[in-house]
Amino acid sequence: MAAIAIYSLKGGVGKTTLAVNLAWCAATLSARRTLLWDLDPQAASTFLLGGAKGKVQAQSVFTRDVEPARLVHATGVDRLDLIGADASLRGLDLLFHELDKKKRLAKLLGQLDKAYDRMLLDCPPGLTETSEQVMRAADLIVVPVIPSPLSERALAEVEAHLGKGKVPLMPVHSMVDRRRKLHAEALEKHPNWPVIPMASVVETMAARRAPVGAFAGRTAGGKAFADLWQAIEKRLAKPRKTASKKT
């Protein structure tokens, strides 16, 4: 099992769009048993995949009131399950602080690792207690970056916070309009970063409540998500480098 976090210090950069589409690619294109865990109290991923089912609050799993498997439910996509979010997650940062268990999320993922091949975490923005838990639990952190100085600055802050030898980051240019000079210059600066275009078909997701691949997989947007997922699978196949210890 590999855990892939979709995370950004900034909001509004296409994080949820990436999480839902990559989860669909994992389940459909790679035939992986996939779980998408929505950790964002805005619950956008949950909405796009059909909404949470049941009356158990999302936060209860972290206080050991319920087992994580009880929060899992199937989506309309084969091999793709969801742990949904709700308003109870607004207090998650405070809860993690009070619990004082640095690897609580990692242990919960461990309880599910036999059931899934890939777990994707849709994370709330900001450097918070929740993001710290995510960084300890993830095997790879995918960071959507809009081609703009502020978004690139946010990525630099995350890189500085993590330091070398920890969880690898994978920056992705998101919401790209190649006609814009600023966007074109950013792509030239980082030619090896995957690119997700700004496209009307991506915006249609909210109306259809479905990933792009489910209704427009042959479009430029659909192909971009598929290519990004292939790049993620290749990245996960590489052995992790460990930081050298000074003696």
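Residues numbered from 1 in each chain as written. Predicted model: local features only at pLDDT ≥ 70, side-chain atom pairs only at ≥ 80, totals over all residues. Heavy atoms only, no water.

*Asks:* Could you clarify how one ought to interpret the overall build of the chain in this entry?
*Replies:* Looking only at helices and strands, the chain has eleven helices and eight strands in total. Relative to the 2.2 N^0.38 estimate, which gives 18 Å for 247 residues, the radius of gyration of the chain is 17 Å and therefore close to what a compact globule would have. A total of 247 residues make up the chain; the buried ones form 49% of that total. Expressed as a percentage of contacts within the chain between residues at least 6 apart in sequence, the contacts between residues at least 24 apart total 75%. For the chain, the accessible surface area stands at approximately 12,500 Å², while carbon and sulfur atoms represent 50% of it. One way to put it: in the chain the 37 positive side-chain charges average out to a point 4 Å from where the 25 negative ones average out. (Helix = DSSP H or I, 4+ residues; strand = E, 2+ residues; numbered from the N terminus. Rg over C-alpha atoms; globule rule 2.2 N^0.38 Å. Buried < 20%, exposed > 50% of the residue type's maximum accessible area, 1.4 Å probe, protein only. Contact = heavy atoms within 4.5 Å. Areas by Shrake-Rupley, 256 points an atom, 1.4 Å probe, with all protein chains shown as cover. Lys, Arg positive; Asp, Glu negative; His and termini not counted. Charge placed at Lys NZ, Arg CZ, Asp CG, Glu CD.)

*Asks:* For this particular structure, what's the right way to read empty space enclosed by the protein?
*Replies:* Over the atoms, a rolling probe the size of a water molecule traces out where space has been left empty. Per the stated rule, a full pass over the model turns up one cavity of 30 Å³ or more. The computed volume of the largest cavity comes to approximately 40 Å³. If you trace the largest cavity, you find it lined by Phe96, Asp100, Lys101, Lys102, Glu129, Glu132, Gln133 and Arg136. Looking at the lining of the largest cavity, the element that brings in the most residues is helix α5 (residues 129–137), giving four residues. (1 Å grid on protein atoms, 1.4 Å probe; cavity = no way out; pocket = protein on both sides within 12 Å on 5 of 7 lines; lining within 4 Å. Points joined across faces, edges and corners; volume = space filled by probe spheres on them.)

*Asks:* Would you mind showing me how to read a positive patch on the surface here?
*Replies:* A surface patch of positive charge is lined by Arg64, Lys101, Lys103 and Lys107. Judged by its relative accessible area of 54%, Arg64 falls in the exposed class. (Patch = residues over 30% accessible without salt bridge, like charges linked within 9 Å, V, L, I, M, F, W, Y side chains within 5 Å. Salt bridge = Lys/Arg side-chain N within 4 Å of Asp/Glu carboxyl O.)

*Asks:* Before we go on, may I ask you to explain the pattern of salt bridges in this structure?
*Replies:* According to the stated counting rule, one finds eleven salt bridges in the structure shown. Here Arg136 makes a salt bridge to Glu132, at a shortest N to O gap of 4.0 Å. Residue Arg136 and its partner Glu132 are both found in helix α5; the two are separated by four residues, about one turn of the helix. Exposure remark for Arg136: the relative accessible area of 35% places this residue in the partly exposed category. One salt-bridge network, held together by shared partners, links Lys15, Asp40 and Asp122.

*Asks:* Would you explain helix α3 (residues 92–99) in this entry?
*Replies:* Three- or four-residue spacings in an α-helix give side chains the same orientation, since the helix completes a turn every 3.6 residues. Looking only at α3, the buried set comprises Leu92, Leu95 and Phe96. Buried residues in α3, looked at end-on, bunch into an arc of 100°, giving them a common side. Structural note: α3 exposes Leu94, His97 and Glu98 on the side pointing more than 90 degrees away from its buried face. Among the structural elements, α4 (104–110) and α5 are those in contact with the buried residues of α3. In the segment just after α3, Asp100 is the residue with positive phi, at about 55°. (Arc of directions from axis to C-beta.)

*Asks:* Which parts of the structure should I look at to understand the sheet that holds strand β7 (residues 169–176)?
*Replies:* One key point about sheets: their strands pair by backbone hydrogen bonds, in either a parallel or an antiparallel sense. Taken in spatial order, the eight strands line up as β3-β4-β2-β5-β1-β6-β7-β8 in an open sheet, and their pairing is mixed. This sheet does not close on itself; its edge strands, each paired only once, are β3 (72–74) and β8 (195–197). Each strand axis lies, on average, 25° off the axis of its neighbour in the sheet, ignoring direction. Relative to strand β4 (residues 80–83), strand β2 (residues 34–38) runs parallel, the two being bridged by four bridges. (Pairing = 2+ DSSP bridges. Axes fitted to C-alpha atoms, helices over the stretch in contact; angles between N-to-C directions.)

*Asks:* Explain the layout of surface pockets here, please?
*Replies:* A volume near 290 Å³ is recorded for the second largest pocket. If you go around the second largest pocket, you meet 17 residues; those closest to its centre are Gly14, Thr17, Met175, Val202 and Glu203. Elements with a contribution of two residues or more to the lining of the second largest pocket: α1 (15–28), α2 (44–48), β7, β8, α8 (200–203) and α9 (205–208). Here the residues of the lining of the second largest pocket sort into 13 nonpolar, three polar and one charged. (Nonpolar A, V, L, I, M, F, W, Y, C, P; charged D, E, K, R; others polar.)

*Asks:* Help me out: how do you make sense of α1 in this one?
*Replies:* Taking 1.5 Å as the rise per residue, α1 with 14 residues should run 20 Å; its terminal C-alpha atoms sit 20 Å apart, in good agreement. Taken together, the buried positions of α1 are occupied by Lys15, Thr16, Leu18, Ala19, Val20, Asn21, Leu22, Ala23, Trp24, Cys25, Ala26 and Ala27. (Expected span 1.5 Å × (residues − 1).)

*Asks:* How do you make sense of the packing of aromatic side chains when you look at a structure like this?
*Replies:* A ring pair, where both rings are aromatic, is described by two values, the distance of the centres and the angle of the planes. Summed over the entire model, instances satisfying the criterion amount to two aromatic pairs. Taken together, the ring pairs in this structure connect Trp37, Phe62 and Phe96 into an aromatic cluster. Above the face of the Phe47 ring, Arg209 is positioned so that its terminal group lies 4.0 Å from the ring centre. (Phe/Tyr/Trp six-rings, centres within 6.5 Å; stacked < 30°, edge-to-face > 60°. Lys NZ or Arg CZ within 6 Å of the ring centre and 35° of its normal.)

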